[in-house]
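# Structural description and commentary
Take a look at the letters that make up each chain.
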Amino acid sequence: MAARLIDDDPELAHQHALAASRSAGRVGVVRETVAITAYAVGDFALALRELRTHRRITGSDEQLPLIVDSERGVGRPDRALEEGRAVDRSTLTVPVRVQLAIAMSGARLDLGETERALQELDIPEADPDRAFEWSPALFSARAAVLEELGRHEEASEWERRAQIAADALDAAAGVADREVIVVEEIDLIDDEGGVDVASGVIPVDDVDADAAVASAEYAVDGSARSDVDDRSGDREDER
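The notes below deal with the structure included here.

What counts, and at which threshold
- Residues numbered from 1 in each chain as written.
- Predicted model: local features only at pLDDT ≥ 70, side-chain atom pairs only at ≥ 80, totals over all residues.
- Heavy atoms only, no water.
- Helix = DSSP H or I, 4+ residues; strand = E, 2+ residues; numbered from the N terminus.
- Contact = heavy atoms within 4.5 Å.
- Core = buried A, V, L, I, M, F, W, Y, C linked by side-chain atoms within 4.5 Å.
- Buried < 20%, exposed > 50% of the residue type's maximum accessible area, 1.4 Å probe, protein only.
- Phe/Tyr/Trp six-rings, centres within 6.5 Å; stacked < 30°, edge-to-face > 60°.
- Lys NZ or Arg CZ within 6 Å of the ring centre and 35° of its normal.

The topology assignment puts Thr37 in helix α3 (residues 28-40). Setting aside residues up to four positions removed in sequence, Thr37 forms contacts with Ala2, Ile6, Ala13, His14 and Ala17.

Counting 22 residues, the largest nonpolar core has Ile123, Leu138 and Phe139 as its most contacted members. Looking at this core, the elements with two or more residues in it are α7 (94-110), α8 (114-120), α9 (135-148) and α10 (152-176).

Counting across every chain of the model gives three aromatic pairs. Ring geometry for Tyr39 and Phe44: centres 5.5 Å apart, planes at 70°, overall edge-to-face. With 5.2 Å between their ring centres and 70° between their planes, Phe139 and Trp158 make a pair best called edge-to-face. Of the two residues, Phe139 sits in helix α9 while Trp158 sits in helix α10, which places them 19 residues apart along the sequence. There is no split in this pair, since Phe139 and Trp158 are both buried. Note that Arg142 overlies the ring of Trp158, its terminal NZ or CZ placed 5.1 Å from the centroid.

Following this line, the structure appears as structure tokens:
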């Protein structure tokens, strides 16, 4: 229920998570859920306590970005940076590493270190010409820092790229759901007829030969436009 409600009613989601913790407080995912819902309602102190408990139970650093951001939430950006530096980033998965970079950049902004905030975002995953699940948030974070630096033209360009990446990912997700996506302009379909999308290659053997398939590896000028024919119908989101 917490997962179902978190986007629309975070307060009620939090109440469900707290109810679960009263019955299964030693289960890692329960403490993690309490932390996430606490963060969603702005209770950063509780989020930190639960995140540390989750980490102690599971040994996982998966929620490190949320720990860093929660430290920011309680007004401790210096401590947030310490938390982020305490872990070897090479041991983290790529999505977690990107989220951590965004959180660390935010902590730098809290301290007024705008140039260093931009440096935190200078990571290999910040490829403006390819779209992955983390790209929209990463590009938007970079745009925000550039705006703070007064580099408005660059900021607008990165924000535009964030929107292009989000649209490309939506289109690619449609391909995964067996929707057909027709584009007027595309770049870089690989030799085997697949499209590079976030987690891998999606084959297009069953797509009409007359239909072009949208690629998440989009053109630099972001000119691709797509028209989605949704044949999948409404689906229940199972989480």
